[in-house]
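Structure at a glance
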2 protein chains.
Amino acid sequence: METHRKGKTAVGRPRGFDAEEALERAMRVFWEQGYEGASLTDLTEAMGITRTSMYAAFGNKEELFRKALERYTEGPASYAARAAEEPTARDAATAFLTGSVRATTRPDSPAGCLGVQSALAAGGPGRNARDALIAWRNEGVAALRDRFVRAVDEGDLPPGADPGVLARYLMTVANGIAVQAASGATREELQPVADAALRDWPPA
Amino acid sequence: METHRKGKTAVGRPRGFDAEEALERAMRVFWEQGYEGASLTDLTEAMGITRTSMYAAFGNKEELFRKALERYTEGPASYAARAAEEPTARDAATAFLTGSVRATTRPDSPAGCLGVQSALAAGGPGRNARDALIAWRNEGVAALRDRFVRAVDEGDLPPGADPGVLARYLMTVANGIAVQAASGATREELQPVADAALRDWPPA
DNA sequence: CTCGTTCTGTACTGATCGATACGCAAGTAT
DNA sequence: ATACTTGCGTATCGATCAGTACAGAACGAG
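So, here is what we can say about the structure in this document. Within each chain, residues carry numbers counting from 1 in the order of the written sequence. All chains are assigned letters beginning at A, and all ligands numbers beginning at 1, according to the order in which they are written. Given that this is a predicted model, residues contribute local features only at a pLDDT of at least 70 and side-chain atom pairs are listed and counted only at 80 or more, while totals for whole chains, interfaces and linings are drawn from all residues. With hydrogens and water stripped out, all remaining heavy atoms of the structure feed into the side-chain values.

1. A word on the relation of the copies chain B and chain A
Keep this limit in mind: Here the copies were fitted onto each other by least squares, based on C-alpha atoms from residues at pLDDT of at least 70 in both. Whether two residues are in contact is decided by their heavy atoms: any pair within 4.5 Å suffices.
Aligned on chain A, chain B shows an RMSD of 0.0 Å; the corresponding rotation is 180° and the shift along the axis is 0.0 Å. Such a combination of turn and shift is consistent with a two-fold rotation axis. Minimal C-alpha separation from the rotation axis in chain B is found for G176 of chain B, amounting to 1.9 Å. Take the interface residues of chain B: 100% of them recur as interface residues in chain A, which is what a same-surface contact looks like.

Right, dumping it as structure tokens:
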């Protein structure tokens with residue numbers, strides 16, 4: 001018994017929709033309305049498919065959310081991974097905050113950050129989604145810390161610098177930017193905030 | 001016909017519970033589970049009263065939430081108003097961030113900030129709660145800005161300082177601290193973040 | 001063609017949502 | 001004691017929730 005699709009060998013009725021496109025639509029609904037605020041009706045209407053097709057393709061609401069979060073990480077939030085590849089710690093920090101300002105204030109996307117606002121607090125059924133986002137944010141802090149540990153090694157952060165505090169600090173500011181963007185703050189209002197946050201960055 | 005209570009002149013059956021105590025319990029449920037995640041059953045069980053009593057005393061879920069937010073402002077979030085009364089802008093900024101670290105990491109209270117996490121994103125029925133919190137956060141920014149306008153006047157901020165950017169910056173960091181606290185960050189991890197955010201504060 | 005497999009649409013499940021109708025309990029006022 | 005007013009408890013409302021059973025539709029294999 002084979003449950004997974006194996007490349008081009010398609011047997012049975014072919015899918016009548018683009019799964020990537022549908023996931024993109026679902027991601028935006030979660031982004032705008034949050035995990036608990038997004039009903040299956042909201043989701044499937046935006047995805048352009050029926051409940052049955054959604055369950056067949058994605059499992060259930062929770063798995064759909066996890067896949068939407070993955071897509072978010074590789075799409076709108078990909079600036080974070082790119083920032084870590086900058087040559088110096090300062091460049092990485094700058095790219096990270098500037099990227100967060102831009103990603104949370106794109107005119108064609110919901111305001112704010114899916115990883116922050118889609119499940120910050122939740123009741124019983126939403127706990128798993130909330131915990132997934134907590135892990136997601138903490139992974140982000142860990143990635144920044146690793147980058148800054150390397151920076152101390154490479155000498156573009158002073159030996160006394162604390163990579164853990166710097167990483168937590170940057171993620172805190174980025175999270176705050178996401179909240180402010182969800183509150184209606186514009187790109188023009190938030191970029192100076194990001195600049196202010198970086199003004200005291202440790203010199204190499 | 002008199003619909004409001006008039007002090008001690010109580011006619012009819014007296015209320016069998018303490019409304020302030022019940023509101024305190026409701027506030028904590030909203031704080032932990034968010035507006036949409038807190039069901040009437042969750043709320044009334046925590047409040048120790050029946051649905052009927054809740055509707056009679058507070059109106060409906062949305063009004064209960066608004067009153068819980070007021071109580072939160074005057075209780076756990078009262079550090080914000082106190083910070084504005086500090087003698088200098090620097091003291092105010094320090095008190096504001098330190099207060100936010102302490103309020104979001106109290107061991108006997110839910111982690112994070114009700115004003116951030118109880119309705120950052122929401123679907124249809126929760127929109128009003130979300131909008132109320134957006135206004136609440138923006139009022140906080142405005143209050144900080146007013147304080148820093150005064151500080152420029154009084155000379156404990158340099159003439160070139162931008163009170164609007166400083167206010168937005170502080171609220172952004174505080175919001176980020178709230179998100180980090182909701183992610184499990186401890187007081188010991190967040191206080192250094194607040195310190196880092198204040199390191200570059202404009203000199204008098 | 002027929003068969004097996006997979007996807008789609010309708011219609012529905014039990015559970016839970018916020019909110020209420022109604023009758024009784026518990027007070028004050030006369 | 002009686003009338004009036006208000007809070008409380010039960011039992012329930014229609015709407016919506018996430019999730020599914022089932023039958024037909026659309027494909028490849030034989």
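2. Regarding helix α4 (residues 61-74) of chain A
The α-helix winds at 3.6 residues per turn, so residues separated by three or four positions along the chain end up facing the same way. All names here are of chain A. Definition in use: A helix here means a DSSP run of H or I that spans at least four residues, while a strand means a run of E at least two residues long, and both kinds are numbered starting from the N terminus. Helix span, as expected, comes to 1.5 Å for every residue beyond the first. To sort residues, take the accessible area from a 1.4 Å probe on protein chains only and compare it with the maximum for the residue type: under 20% means buried, over 50% means exposed, and anything in between is partly exposed. Taken from the helix axis, the directions to the C-beta atoms give the arc we talk about. Polar contact criterion, stated in full: a pair of N or O atoms within 3.5 Å, where within protein one must be able to donate a hydrogen and the other to accept it, and residues adjacent in sequence count only if both atoms are side-chain atoms.
The end-to-end C-alpha distance of α4 is 20 Å, a good match for the 20 Å that 14 residues give at a rise of 1.5 Å each. Where α4 is concerned, the buried positions are K61, L64, F65, A68, L69 and Y72. For α4, the angular spread of buried residues about the axis comes to 140°, placing them on one side. Buried residues belonging to α4 abut α1 (19-33), α2 (40-47), α3 (51-58), α5 (78-84), α7 (114-117) and α8 (127-154). Between the side-chain oxygen at the start of α4 and the backbone nitrogen of E62 there is a gap of 3.2 Å, and the oxygen is on N60.

3. Remarks on the pattern of salt bridges
The following threshold applies: Each salt bridge in this description consists of a side-chain nitrogen of Lys or Arg and a carboxyl oxygen of Asp or Glu lying within 4 Å of one another.
Under the counting rule described, the total for this entry stands at 18 salt bridges over all chains. Note that E20 of chain A is salt-bridged to R71 of chain A, the shortest N-O span being 2.7 Å. With E20 of chain A in helix α1 and R71 of chain A in helix α4, the pair connects residues that are 51 residues apart, well separated along the chain. E189 of chain A is the partner of R168 of chain B in a salt bridge, and the nearest nitrogen-oxygen pair spans 3.3 Å. Here R168 of chain B is found in helix α9 (residues 163-182), whereas its partner E189 of chain A is found in helix α10 (residues 187-198) on a different chain. Accessibility expressed as a relative area gives 13% for R168 of chain B, which makes it buried.

4. Observations regarding the interface of chain B and chain A
Quick note on the threshold: Throughout, buried area stands for the accessible area (probe radius 1.4 Å) lost by two parts on being put together, summed over both. Amino acid classes used here: Ala, Val, Leu, Ile, Met, Phe, Trp, Tyr, Cys and Pro are nonpolar; Asp, Glu, Lys and Arg are charged; the rest, including Gly, are polar.
Residue-level contacts link 39 residues of chain B with 39 residues of chain A. A per-residue breakdown of the area chain B buries against chain A is headed by L120, R168 and Q180 of chain B, which together make up 18% of the total. Summed over the shared surface of chain B and chain A, the number is two salt bridges. Seen at the junction of chain B and chain A, the total is 13 residue pairs in polar contact (both at pLDDT 80 or more). Elements that contribute at least two residues to the side of chain B that touches chain A include exactly α1 (19-33), α7 (114-117), α8 (127-154), α9 and α10 (187-198) of chain B. Sort the elements by how many residues they give to the side of chain B that touches chain A and α9 of chain B lands first, with twelve residues. Class assignment for the residues of the side of chain B that touches chain A results in 20 nonpolar, eleven polar and eight charged.

5. Some thoughts on the protein's contact with DNA strand D
For clarity, the cut-off: For this purpose, a residue is taken to be near a molecule or strand whenever a single non-hydrogen atom of the residue falls within 4 Å of it.
Near DNA strand D there are 25 residues, and of these L40, R51, Y55 and K61 of chain A together with G16 of chain B occur at the shortest range. When the atoms of DNA strand D within 4 Å of the protein are grouped by moiety, sugar and phosphate amount to 63% of the total. Here a base nitrogen of DNA strand D and a side-chain polar atom of R13 of chain A are 3.2 Å apart. One nitrogen or oxygen atom from the main chain of L40 of chain A is found 2.7 Å from a phosphate oxygen belonging to DNA strand D. The set of elements that each furnish at least two residues to the surface near DNA strand D consists of α2 and α3 of chain A together with α3 (51-58) of chain B. Here the residues of the surface near DNA strand D are counted per class, giving eight nonpolar, ten polar and seven charged.

These results come straight from atomic positions and should not be treated as a statement about function.
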